[in-house]
Amino acid sequence: MPGIATLAAEVTNVSKHCFWLLLDDEELAIQFSEFPWFKSATIERLSEIERPTENHLYWPELDVDLSVESIRKPEDFPLISKVLA
C-alpha cells in the first residue's frame, strides 16, 4: 500500500534578521524586515507550520498565511504590513 504524501515545511535556522525555512529541497530565508509578523515570535511558534498545498503556508499560532511565491519574490508582492511598520 503506498504511503501518504505530505508537504513538509521545517524551520532550519533562526537569526536576529530572519529565519530559514526548508520546503522540500529548497531553503528560503524569511526576512523579518519583509515579514514583520514573525519578528517577535518564539521559535516554537515559528516552527508550527502547516502546508495545506504546495504554495500555501500557514502558521496557526500566529494567524499568518503566506504563499511560497511571496517568500521567493517579495518584490512582486508590494503590500506591506502596518502591524510593525
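Scoring rules and cut-offs
- Residues numbered from 1 in each chain as written.
- Predicted model: local features only at pLDDT ≥ 70, side-chain atom pairs only at ≥ 80, totals over all residues.
- Heavy atoms only, no water.
- Helix = DSSP H or I, 4+ residues; strand = E, 2+ residues; numbered from the N terminus.
- Buried < 20%, exposed > 50% of the residue type's maximum accessible area, 1.4 Å probe, protein only.
- Salt bridge = Lys/Arg side-chain N within 4 Å of Asp/Glu carboxyl O.

A. Spotlight on unusual backbone geometry. Although it is not a glycine, D24 adopts a positive phi angle of roughly 55 degrees. Looking at the element boundaries, D24 is found in the loop between β2 (18-23) and β3 (26-31). Classification of D24 by relative accessible area gives partly exposed; the value is 48%. For D63, which is not glycine, the phi torsion reads 55 degrees and is therefore positive. Take D63: it is sitting in the loop between β5 (56-59) and β6 (64-67). Of the residues examined, D63 reaches a relative accessible area of 57% and is grouped as exposed.

B. Representation of the pattern of salt bridges. What the rule picks out here adds up to 4 salt bridges. A salt bridge links R51 to D24, with the shortest nitrogen-to-oxygen separation between them at 3.4 Å. Here R51 is found in strand β4 (residues 50-53), whereas its partner D24 is found in the loop between β2 and β3, with 27 residues between them in sequence. Owing to a relative accessible area of 9%, R51 belongs among the buried residues under this scheme. The shortest N-O distance in the salt bridge between E61 and R45 comes to 3.8 Å. With a gap of 16 residues between them, E61 in the loop between β5 and β6 and R45 in helix α1 (residues 43-47) connect regions that are remote in the sequence. What makes R45 partly exposed here is its relative accessible area of 38%. Salt bridges sharing partners connect three or more residues here, namely E26, E69 and R72.

C. Layout of the environment of N13. On the secondary structure map, N13 appears in strand β1 (residues 9-14). With 16 residues separating them in the primary sequence, N13 and A29 have C-alpha atoms 9.2 Å apart.

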